[in-house]
Amino acid sequence: MALALTPRSQRLKQHLETWLLHVWYGSKHRQQWGWYVLLPLTALYCVLSALQRLRNQRRQIHHGVPVIVVGNITVGGTGKTPLVIALVEILRNAGFKPAVVSRGFGSRGKTGAVQVTDTASTVGDEPLLIVQRTGVALFVNRQRNQAIEALCEQHPECDVIISDDGLQHYRMGRDLEIALVDGTRRFGNGCCLPAGPLREPISRLQQCDFTLINGENMRIQGQVAVRLGNEQPQALTQFAGQTVHVVTGIGNPQRFTALLAGFGIHTQLHAYPDHYAFTGEELHFADALPIFMTEKDAVKCRTLALPSVTCWYVPIVAILDEDFTSALLTRLQADKD
């Protein structure tokens, strides 16, 4: 069960995350002293994680249905959720019957099937968003093997499973690995945790079947804003020249503000930690400027008391290169045959 953080704990967490981002992605001058402080811990992390990986790989469980893992080797948002949604639609259009498993990060520990009527606090914001967008069968469990077993039992028609994250969850057997890289941040200072943002060395990408770079062979696209409350859409071009508050709890809020800036929208960013549990107070400002958020934030804010000003969220779509899509379907069809 996830523990609720006090306001002071939330502030301390935000300060720590801000400092780490400076160490990982800041200028060499700002990074240097942080490296010296954290490098001994990085050495320990690398040894322990390598041992854990070997132990879990020996205990790896394979399932009777192909498993595609969508993950990354860095901490923070790279665009996995839009990619999972896109993969569900691609597989369906190709005649497959996909399903999804997820850890359900930020949830209260519910296991089993996610329904559109669930709340983000119960099942996690990303699983709920995926189900609401696609209607796909999705099971959450911190032990992904258990999620796969329960899913296959209840949905025997499923012929391919997508794991939302889980690249480092080595007890889960997998048939294909898709690694996603942030095309702007890349790998930061190139160090593993905690001196850098890497969960695993960059060389890990060589073992993946596919590597997608957000901003290159995968692009994020958003064209409309949807009003929270009545779900009325409006073209983002209609907000050109306006100043808006951006309230968001995602891994890389700068990517979202850059998308809005591309439409000529001026933003005042109010960034909270990834998977942040909004209370509603974060949406109230002294002025009457519109409030923008991501769709991932919106699944958590729909049940809150909204301010009198308009609140909007922006649905995001992942556009994938045809070469990748063709290669993926070819691999899956070969395994199916």
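Just above sits the structure.
Here's what I pulled together on the structure shown here. (Residues numbered from 1 in each chain as written. Predicted model: local features only at pLDDT ≥ 70, side-chain atom pairs only at ≥ 80, totals over all residues. Heavy atoms only, no water.)

Regarding its fold elements, the chain presents nine helices and 15 strands. Here the C-alpha radius of gyration of the chain, 20 Å, is about what a compact globule of 337 residues would show, namely 20 Å. Evaluated residue by residue, the chain yields a buried proportion of 47% over its 337 residues. Accessible surface for the chain amounts to roughly 16100 Å². Of this, 54% is attributable to carbon and sulfur atoms. The positive charge centre, built from 32 side chains, and the negative charge centre, built from 29, are 7 Å apart in the chain. (Helix = DSSP H or I, 4+ residues; strand = E, 2+ residues; numbered from the N terminus. Rg over C-alpha atoms; globule rule 2.2 N^0.38 Å. Buried < 20%, exposed > 50% of the residue type's maximum accessible area, 1.4 Å probe, protein only. Areas by Shrake-Rupley, 256 points an atom, 1.4 Å probe, with all protein chains shown as cover. Lys, Arg positive; Asp, Glu negative; His and termini not counted. Charge placed at Lys NZ, Arg CZ, Asp CG, Glu CD.)

Another aspect to go through is the state of the cysteines. Within this structure, the stated rule accounts for zero disulfides. Here Cys-208 is not disulfide-linked; the sulfur of Cys-192 is the nearest cysteine sulfur, at 14 Å. With a relative accessible area of 10%, Cys-208 lands in the buried category. Cys-311 takes part in no disulfide bond, and the closest cysteine sulfur, belonging to Cys-301, lies 7.8 Å away. What makes Cys-311 buried here is its relative accessible area of 3%. (Disulfide = S-S within 2.5 Å.)

Right, let's talk about the pattern of salt bridges for a bit. A side chain of one charge can pair with a side chain of the opposite charge when the charged atoms of the two come close. In this structure the tally under the stated criterion is 16 salt bridges. Taking the shortest distance from any N to any O, the salt bridge between Lys-300 and Asp-125 comes out at 3.2 Å. Here the residue Lys-300 occupies a position in helix H8 (residues 295-301), and Asp-125 occupies one in helix H5 (residues 125-134), the gap between them amounting to 175 residues. Lys-300 sits in the buried class, given a relative accessible area of 12%. Note that Glu-177 and Arg-174 form a salt bridge whose closest N and O atoms lie 2.6 Å from each other. The class of Arg-174 is buried, set by a relative accessible area of 13%. One continuous salt-bridge network, built from bridges that share partners, spans Arg-53, Arg-174, Glu-177, Glu-200 and Arg-204. (Salt bridge = Lys/Arg side-chain N within 4 Å of Asp/Glu carboxyl O.)

Right, let's talk about the sheet that holds strand E11 (residues 243-248) for a bit. Read across the sheet, six strands follow the order E10-E9-E14-E13-E11-E12 without closing on themselves; strand pairing throughout is mixed. Among the strands making up the open sheet, the edge pair consists of strand E10 (233-235) and strand E12 (266-271). For this sheet the average axis-to-axis angle between neighbouring strands, irrespective of direction, equals 35°. Across the sheet, helix H7 (residues 253-261) touches E11, E12, strand E13 (291-294) and strand E14 (311-314), and the angle it forms with E12 is around 165°. (Pairing = 2+ DSSP bridges. Axes fitted to C-alpha atoms, helices over the stretch in contact; angles between N-to-C directions. Contact = heavy atoms within 4.5 Å.)

Arg-144, Asn-145, Ala-147, Ile-148 and Leu-151 are the residues of helix H6 (residues 144-154) that are buried. Buried residues of H6, viewed axially, fall in a sector of 155°; they line one side. What points out from H6, more than 90 degrees from its buried face, is the exposed set Glu-153 and Gln-154. (Arc of directions from axis to C-beta.)

Moving on to the side chain of Glu-200. For Glu-200, the location among the structural elements is in the loop between strand E6 (176-182) and strand E7 (210-214). There is a polar contact of 2.5 Å between the side chain of Glu-200 and the side chain of Tyr-170. A polar contact is formed between the side chain of Glu-200 and the side chain of Arg-204, at a distance of 3.4 Å. In this structure, Glu-200 is in contact with Arg-53, Ile-73, Gln-168, Tyr-170 and Cys-192, ignoring residues within four places of it in sequence. (Polar contact = N/O pair within 3.5 Å; in protein donor to acceptor, adjacent residues only side chain to side chain.)

Inspection of the secondary structure assignment puts Asn-141 in the loop between strand E4 (138-140) and H6. There is a polar contact of 2.8 Å between the side chain of Asn-141 and the backbone nitrogen of Gln-143. In this structure, Asn-141 is in contact with Ser-102, Arg-103, Thr-111, Gln-146 and Ala-147, ignoring residues within four places of it in sequence.

All told, the structure shown has seven aromatic pairs when counted by the stated rule. For the pair Phe-239 and Trp-312, a centre-to-centre distance of 5.2 Å together with 75° between the ring planes defines the contact as edge-to-face. Of the two residues, Phe-239 is situated in the loop between E10 and E11 and Trp-312 in strand E14; the sequence distance between them amounts to 73 residues. The same class applies to Phe-239 and to Trp-312, which are both buried. The interplanar angle of 80° and the centroid separation of 5.0 Å between the aromatic rings of Tyr-276 and Phe-278 together place this pair among those described as edge-to-face. Both residues of the pair, Tyr-276 and Phe-278, count as buried. Feature note: the residues Phe-239, Phe-292 and Trp-312 constitute an aromatic cluster, connected by ring pairs. (Phe/Tyr/Trp six-rings, centres within 6.5 Å; stacked < 30°, edge-to-face > 60°.)

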